[in-house]
Amino acid sequence: MVDSGDDSNSARTLIALAALGWLSMLAVDFFLHAGLLAELYTRASPFLLPPEDAFRRIPLGYLSFLILDVLLLWLMLKLDIRTWRGGFAFGMILGAMIWGSLTLGLYSISRASPMLLLGWFAGQSVESGVAGAVIGSGLAGTSLRRLFLYVLSLLVTLVILTIVLQNIGWAPATAPTELRAEFGHRP
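Now for a look at the structure at hand. (Residues numbered from 1 in each chain as written. Predicted model: local features only at pLDDT ≥ 70, side-chain atom pairs only at ≥ 80, totals over all residues. Heavy atoms only, no water.)

**Re the overall build of the protein**
In terms of regular secondary structure, the protein is built from 8 helices and 0 strands. Here the protein holds 187 residues, and the buried ones make up 38% of them. Across the protein, the fraction of contacts at a sequence separation of at least 24, relative to all contacts at a separation of at least 6, is 79%. Per element, the accessible surface of the protein, about 10,900 Å² overall, is 69% carbon and sulfur. (Helix = DSSP H or I, 4+ residues; strand = E, 2+ residues; numbered from the N terminus. Buried < 20%, exposed > 50% of the residue type's maximum accessible area, 1.4 Å probe, protein only. Contact = heavy atoms within 4.5 Å. Areas by Shrake-Rupley, 256 points an atom, 1.4 Å probe, with all protein chains shown as cover.)

**Considering the layout of surface pockets**
Of the pockets and cavities examined, the largest pocket occupies roughly 1,300 Å³. Surrounding the largest pocket, 34 residues form its lining, His-33, Tyr-41, Ala-54, Phe-55 and Ile-58 being those nearest its centre. Tallying contributions element by element places helix H4 (residues 58-79) first for the lining of the largest pocket, with 6 residues. Residue composition of the lining of the largest pocket, by class: 24 nonpolar, 8 polar and 2 charged. (1 Å grid on protein atoms, 1.4 Å probe; cavity = no way out; pocket = protein on both sides within 12 Å on 5 of 7 lines; lining within 4 Å. Points joined across faces, edges and corners; volume = space filled by probe spheres on them. Nonpolar A, V, L, I, M, F, W, Y, C, P; charged D, E, K, R; others polar.)

**Here's the deal with a nonpolar patch on the surface**
Taken together, the side chains of Leu-36, Phe-148, Leu-149, Leu-152, Val-156, Ile-160, Val-164, Ile-168 and Trp-170 present a nonpolar region at the surface, about 850 Å² in accessible area. If one sorts the elements of the nonpolar patch by residue count, helix H7 (residues 144-167) sits on top with 6 residues. Judged by its relative accessible area of 62%, Ile-168 falls in the exposed class. (Patch = residues over 30% accessible without salt bridge, like charges linked within 9 Å, V, L, I, M, F, W, Y side chains within 5 Å. Salt bridge = Lys/Arg side-chain N within 4 Å of Asp/Glu carboxyl O.)

**Examining empty space enclosed by the protein**
Considering all chains together, one arrives at 1 cavity of 30 Å³ or more under this definition. Estimated volume of the largest cavity: approximately 60 Å³. Among the secondary structure elements, those contributing two or more residues to the lining of the largest cavity are H4 and helix H5 (84-109). Sort the elements by how many residues they give to the lining of the largest cavity and H5 lands first, with 4 residues. Residue composition of the lining of the largest cavity, by class: 6 nonpolar, 2 polar and 1 charged.

**Brief notes about the packing of aromatic side chains**
The final tally for this structure, using the stated rule, is 2 aromatic pairs. On the basis of an interplanar angle of 50° and a centroid distance of 6.1 Å, the ring pair of Phe-47 and Trp-120 is categorised as tilted. Separated by 73 residues along the polypeptide, Phe-47 in the loop between helix H2 (38-42) and helix H3 (51-56) and Trp-120 in helix H6 (residues 114-139) bring together distant segments of the chain. In this structure Phe-47 comes out as partly exposed when scored by relative accessible area, which is 26%. (Phe/Tyr/Trp six-rings, centres within 6.5 Å; stacked < 30°, edge-to-face > 60°.)

**Some thoughts on the environment of Leu-154**
Relative to the helices and strands, Leu-154 resides in helix H7. C-alpha of Leu-154 to C-alpha of Val-28: the two residues are 126 residues apart in sequence and 8.3 Å apart in space. Among all residues touching Leu-154, those that are not within four sequence positions of it are Ser-24, Ala-27, Val-28 and Val-130.

Okay, here's the thing in structure tokens:
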């Protein structure tokens, strides 16, 4: 899998691309869940965990994205997808297939709200597409430094947009009770 003659396939580069793809997924995920879909998590639901429990499990969700990110990188190498456009398209298709299957399965056996499932399907598909674009760009030879700056810009932009959504009332700003107490906020 690693060809020492091609810098885009060096072990260092592949690890860096996996990390950058994963970071791009986390940036979109933060915007999706803390911004666009945040209101859906504040509703009483027999399907969702209470916010405090869900907050504690966030690292497990991020680990699941790392697994998907590594799968995406591996498949793109096997299929020789080496452009940002090809990576975005492939990531979107792979994401839509994985998350479409998952959300249909959840809808068939759970009480998850259709809006939440639709949000997950669309959002997670975009996350995979963005990671695919990052990975494809790196495989095409874009410097890791430049790619890091793109991903950092994406992260900063989406954090700012999430904060704006929370401040204009589109997305409720929620945090576990322990964090609100630690920072002096009363429930």
